[in-house]
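Structural features, examined
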Amino acid sequence: DVQTQENGSLLLKGSWGCCLVRFQGTVRFSCFKRSGGAASQSVTRYLGFPSLKMSLRVFGSCAFALLFSYTDAKPVAASCPFGYTPDGLDCIRRVYEPVVVSTEVTTQTVPAEKTCPPGSSLTGKSCLQSVKLDRVVQRSFDEVAEAVCPKGSVSDGHGLCTRQITQTTVVAEQKAVADLSTVAERRPYSVEVEKAVSVPGSPVCPRWSVARKNTCGVEAEGVEWIPQTVEETVTVPVTEKKETRACPKGTYGDGVQCAVRVPVQAVESLQHERGVEIPELQSFSEEVALPKTVLESALECPKGSMRTPDGTSCFVTLTRSKIEYYDVVRDYDVPTVEQLPQTLRIAKTELVPSYSCPEGSRPSGSAQSLKTLTCTVVVPVAQAATAGRARVVRVPRLVKRAVEVPVTRVESVPVSYCPKGSEPTRKGMCEVTVVVRTAKQVMETVTQCPPGSVKSDSGKKGENCKTKKLITIPATVVPAPTKKGPPIYDCPSTTTPLGPPAPGLLCGAETEEHVPFETIQVARVVYEPSTLKELLAPLVRYETREVTETSVTERVETVYDEITLQETDAVLAEQAPGEYTVPPLVSYSPVTTYEEVSVTNTKIARVPCVRPGSGGGRAKGKKGGKEECLAERRFRVISEEYTESVAPVPVYAVRRAADAAVAEGVRIVPRPAALIETSHHVTEDYTIENFSPNTHVEFRTVGVPEKVATRKYVGSPVVLSETVPSIPTYQTVVEKEASTTEKVHVVAGVSTQSALFETVLTETPVNVQVQVLPEIVNKRIPVEVAVCPQGSQETAKGCLAEQRVPAVDVCPAGSQLTGAGVCVISVEEQTVSCPKGFTHIGASSQCVKEERVPMVAASRPSKKSGY
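Residues numbered from 1 in each chain as written. Predicted model: local features only at pLDDT ≥ 70, side-chain atom pairs only at ≥ 80, totals over all residues. Heavy atoms only, no water.

Observations concerning the overall build of the protein
To keep it simple, the criterion reads: Secondary structure elements follow DSSP: runs of H or I of four or more residues count as helices, runs of E of two or more count as strands, with numbering from the N terminus. Think of it in three bands: residues with accessible area under 20% of the maximum for their type are buried, residues over 50% are exposed, and the middle band is partly exposed, with areas taken using a 1.4 Å probe on protein chains only. We call two residues in contact when some of their heavy atoms are within 4.5 Å. With residues, only the protein chains shown are counted as cover, and all accessible areas are computed by Shrake-Rupley using a 1.4 Å probe.
Along the backbone of the protein there are zero helices and 53 strands. Counting the 867 residues in the protein, one finds 25% classified as buried. The long-range fraction of contacts in the protein, counting pairs at least 24 apart against all pairs at least 6 apart in sequence, stands at 81%. Taken as a whole, the protein presents about 58100 Å² of accessible surface, with 51% of it coming from carbon and sulfur.

Description of the sheet that holds strand E44 (residues 756–772)
Quick reminder of the rule: Each pair of strands is called paired provided DSSP finds at least two bridges between the two strands.
Taking strand neighbours across the sheet as the criterion, the three strands line up as E15-E16-E44 in an open arrangement whose pairing is antiparallel. Two strands bound the open sheet, and with one partner strand each, they are strand E15 (154–155) and E44. Alignment of E15 against strand E16 (residues 161–177), held across two bridges, turns out to be antiparallel. Residue pairing for E16: Ser-155 is matched across the bridge by Cys-161.

Here we look at the nonpolar core
Definition in use: Grouping buried Ala, Val, Leu, Ile, Met, Phe, Trp, Tyr and Cys residues that are joined through side-chain atoms within 4.5 Å yields what is termed a nonpolar core.
Counting eleven residues, the largest nonpolar core consists of Trp-208, Cys-216, Val-218, Ala-220, Leu-398, Val-403, Val-405, Val-407, Val-556, Val-724 and Ile-727. At the level of elements, strand E19 (216–246) and strand E27 (382–417) are the ones that each hand at least two residues to this core. Sort the elements by how many residues they give to this core and E27 lands first, with four residues. Other than its neighbours up to four places away in sequence, Val-403 contacts Trp-208, Ser-551, Val-552, Thr-553, Glu-554 and Arg-555. Listed in part, the eight residues of the second largest apolar core include Leu-373, Cys-375, Val-377 and Val-379.

Considering the packing of aromatic side chains
Rules: Any two of the Phe, Tyr and Trp rings considered here, Trp counted by its six-membered ring, make a pair once their centres fall within 6.5 Å; the pair's planes then place it as stacked at under 30 degrees, edge-to-face at over 60, or tilted in between. In this scheme, the term charge over a ring applies when either NZ of a lysine or CZ of an arginine sits within 6 Å of the ring centre and within 35 degrees of the ring normal.
Scanning all chains against the criterion turns up one aromatic pair. Lying over the aromatic face of Tyr-189, Lys-743 brings its terminal NZ or CZ to 4.2 Å of the ring centre.

Points about the sheet that holds strand E50 (residues 822–833)
Inclusion rule: Angles run from 0 to 180 degrees between N-to-C directions of axes, and those axes are lines fitted to C-alpha atoms, restricted for helices to the stretch in contact.
Spatially, the three strands line up as an open sheet ordered E10-E50-E49, and their pairing is antiparallel. Every other strand in the sheet has two partners, leaving strand E10 (100–111) and strand E49 (816–819) as the edge strands with one partner each. Looking at each pair of strands side by side, their axes are set apart by 50° on average, direction ignored. Pairing analysis gives three bridges linking E49 to E50, with the strands arranged antiparallel. By the bridge assignment for E50, Gly-819 is matched with Val-822.

Quick look at the environment of Cys-161
With respect to the helices and strands, Cys-161 occurs in strand E16. Residues contacting Cys-161, with those up to four places away along its chain left out, are Cys-149, Pro-150, Ser-153, Val-154, Ser-155, Asp-156, Val-770, Gln-771, Val-772 and Pro-774.

Quick word on the pattern of salt bridges
Let me state the cut-off plainly: One side-chain nitrogen of Lys or Arg within 4 Å of one carboxyl oxygen of Asp or Glu is enough to make a salt bridge.
Under the defined criterion, the tally for this structure stands at 27 salt bridges. In this structure, Glu-567 engages Arg-389 in a salt bridge whose closest nitrogen and oxygen atoms are separated by 3.0 Å. Of this pair, Glu-567 sits in strand E37 (residues 539–574) while Arg-389 sits in strand E27; the two residues are 178 residues apart in sequence, bridging distant segments of the chain. In this structure, Lys-400 engages Glu-722 in a salt bridge whose closest nitrogen and oxygen atoms are separated by 3.5 Å. In this pair, Lys-400 is assigned in strand E27 and Glu-722 in strand E42 (residues 694–724), connecting sequence segments 322 residues apart. Among the residues examined, Lys-400 registers a relative accessible area of 37% and is labelled partly exposed.

Quick notes on the environment of Ile-92
Within the secondary structure, Ile-92 sits in strand E9 (residues 90–98). Leaving out residues up to four positions away in the same chain, Ile-92 has contacts with Gly-83, Tyr-84, Thr-85, Asp-87, Glu-850, Glu-851 and Arg-852.

Some points on the layout of surface pockets
We apply this condition: Cavity: a set of points on a 1 Å grid over the protein atoms alone where a 1.4 Å probe fits but cannot get out. Pocket: an open set with protein on both sides within 12 Å along at least five of seven lines, its lining residues, like those of a cavity, having an atom within 4 Å of a point. Grid points are joined across faces, edges and corners, and a volume is the space filled by probe spheres set on the points.
Quantified by volume, the second largest pocket comes out at close to 1400 Å³. Around the second largest pocket, the lining comprises 39 residues; the ones closest to its centre are Val-288, Ala-289, Val-637, Val-832 and His-840. Breaking the lining of the second largest pocket down by element, the ones donating at least two residues are strand E21 (258–298), strand E40 (631–646), strand E41 (651–691), E50 and strand E51 (839–840). No other element matches the nine residues that E21 contributes to the lining of the second largest pocket.

Describing a nonpolar patch on the surface
The condition that has to hold: Here a patch means residues that are over 30% exposed by relative accessible area and free of salt bridges, tied together within 9 Å if like-charged and within 5 Å if nonpolar (Val, Leu, Ile, Met, Phe, Trp, Tyr).
A surface patch of nonpolar side chains, amounting to about 310 Å² of accessible area, comprises Tyr-252, Tyr-686 and Ile-688. Position of Tyr-252 relative to the elements: it lies in strand E20 (residues 252–253).

Description of the environment of Val-105
As for its position among the elements, Val-105 is in strand E10. For Val-105, a relative accessible area of 46% gives the class partly exposed. Spatially, the C-alpha atom of Val-105 lies 4.4 Å from that of Glu-828, the residues being 723 residues apart in sequence. Beyond its immediate stretch of four places on either side in the chain, Val-105 contacts Ser-826, Val-827 and Glu-828.

Some details on the state of the cysteines
Defined as follows: Cysteine sulfur atoms are paired as a disulfide whenever they fall within 2.5 Å.
Throughout the structure, instances matching the rule amount to 13 disulfides. Here Cys-418 connects covalently by a disulfide to Cys-430, the sulfurs 2.1 Å from one another. Where Cys-418 bonds to Cys-430 through sulfur, the torsion about that S-S bond is close to -90°, and the disulfide is left-handed. Here Cys-418, found in the loop between E27 and strand E28 (423–424), pairs with Cys-430, found in strand E29 (residues 430–448); they are twelve residues apart in sequence, far enough to count as distant. Cys-430 carries the same exposure label as Cys-418, and that label is buried.

Some words on the pairing of E50
Pairing of E10 with E50, which is carried by twelve bridges, proceeds in the antiparallel orientation. Bridge assignment links Val-110 to a residue of E50, and that residue is Cys-823.

Describing the confidence of the model for the protein
The condition that has to hold: Every residue carries a pLDDT, the predictor's confidence in it, which falls somewhere between 0 and 100.
Looking at the protein as a whole, its pLDDT mean stands at 77, while 85% of the residues score no less than 70. Between residues 48–76, whose pLDDT stays under 50, and residues either more than four places distant or in other chains, the model counts 77 contacts. Every residue in residues 617–623 is under pLDDT 50, and counting partners more than four places away or in other chains gives 14 contacts.

Quick look at the side chain of Ser-412
Stated formally: Polar contacts here mean pairs of N or O atoms no more than 3.5 Å apart (in protein, one a potential hydrogen donor and the other a potential acceptor; neighbouring residues in sequence count only if both atoms are side-chain atoms).
Here Ser-412 lies in strand E27. Ser-412 gets classed as buried once you look at its relative accessible area, which sits at 18%. Here the side chain of Ser-412 touches Ala-196 through a polar contact of 2.3 Å, landing on its backbone oxygen. Setting aside its immediate chain neighbours within four residues, Ser-412 contacts Lys-195, Ala-196, Val-197, Tyr-542, Glu-543 and Thr-544.

A look at the side chain of Glu-632
Structurally, Glu-632 can be placed in strand E40. Dropping the residues within four chain positions of it, Glu-632 is found in contact with Tyr-326, Asp-327, Val-328, Arg-330, Val-666, Arg-667 and Ile-668.

Here it is in structure tokens:
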């Protein structure tokens, strides 16, 4: 019942059921022939092509043919990629990775013990230690009073001090001087001035004219109109007729036969096989390691044990583990087949004709049919001719008129003025003022203080200078407070002791003494000024001014006269238009009506399972299923710590160990299955309808050139000329002349007195000895003493002191000091795990992960089709 055709397709005879499953470019095509409800014969092909179109057509009551198209030369058996092995319809590969071993360190803390360093003793919570210290030298000073002369002075041997100072005194000296008297003297003075004069120059032409040999002329452009015969070309319209055939709008063809595609739609059904996965429970077992610790004894305190707070015994921390089983409910989706009603819309298309006239034509009658519609085209008709017209032109001519033109010349006017430094008077003269001086001898008196004294502010007559003077008095003897004590020598509060307290002590004090001024006669020369006024003649300068006169000339203007000329033009004379009848055009428009068909589709849906104890599915917005979710049985290892006491003498050590155990669990694994989906869609085909083409009649009007003789006037340029009078001009000439007067100068005069003299005061330095009081200075004498430092005690062995030293923290054996008074014991534990996505294989050191891919089949693409 199965035959293979030449093109590679299959021919199935009888009643068959077929399905196609497409996954990642591979299609599995399976057909089953049923006999009595069971599949008696089956055919399966794996096709490797990216696209497939399938449709079913029914013949009779039960037999059918499957029409499909694919891109494969021949069917090829499916295979797995390199490194994969077949597993049902899929390919599987196992990937192995080593286990990940991680070490976990746990710590325990115990208190540290306090001990003192060697050479110290424990007192309370700290340690005391004796230290020998060196003696410390203390320095002090004793003060002794002493009389010392100030800086720059020396002692006179009697308890006082002398200082040499330098002062200045004034000395008078007579000196002869020259006589600097002045007198007024008149001297002649002249200034060169310029005078502007106008003289006649060459005449010039007006700016609107040009210069000729002896005259001025004006020229302008004119025009002369001359008649001529000119041939002009006129375009005469001529109408041509042209017929073409074209298909109506909405159709296609070559202009001889026209056609149109009319779509036809139908409903087809399609079945798809879809692979799904159904979850099932599967039990498994796995070897696990149960970590534990074992206690071992020794003669001494073992490493890892801890001492109790009272110090009487030791204890260790142990670990024990057990397996605890628990169930985990998994959420998954259960595949079910749902029926989905669908309404398809089928389109039916009909062609409706419409009639219209070509563009540029005029319709008449009814547009319902070709017999009642008439189209008319109107074309123009004309011939060449001439037409006369009047042309107005402007002819220029020259006209003269008188014009006054201003002419400018200059005149010089004399103006009087006074020279710089003088002022004009009412009588027309210039007055100058000069100042001269005359020498005069005068005597003056100058006073100064004698050397060694300064000016006083007392204001007493004859005592305007003062000088400092020292006096001494014996010290006052005061009896001693006790009868056996020595007497006390003391000076008054306003005096200064001139030595240490002893018999014969003198007391010194400063006082002021007034002395009269010294007088000096001083001679000097003064000059008395006198003012003189002199009259001088003024100077003359010329000021230039412009004088404007009027000269008469002529201006030439151009005026235009209008004249009328008769010309002819070539024109086109229109006649009555011509009318032609053209056939109308036909166009077809599709009109579509729709019909609704109801079908039922099937679709595989995924419904969430129901968790035990809940009222519905877990997914929000989905309808929950009726199947209860399966549970996986899992296990975990639980470890706990406990303490066990040991005797204080023996030492216990902890050793890691492990017991092998088998843990059993249940996991959910997917089981592959296949379900059938049914869908409907609308297929579209088309039919061809033929029509006759339209006849297009086109009228084209073209222009034919024709020459016509016309009369025209052409303007020829001519020159118009006239003469005008010239304009006189003046040139300015500058003449120079001298203006004279006098100037008054101040010069040195001849002395009429005998010799003049002045007194010159000169400052001369003088050395003066003055007395000053000595200064009492307290001198400090250093004293050194060796003593013990503060906080130490004086003993026969030297200076001893006690100091506190910190106590040292000591940890038990096997522990480390990590902080103030804290010891830590570390215990290492190892755990085994797999990378993400991998599963541990029993008690081995490897992890495994399964990778699944679908079977694929490669082929060379070529277009084939079959039934």
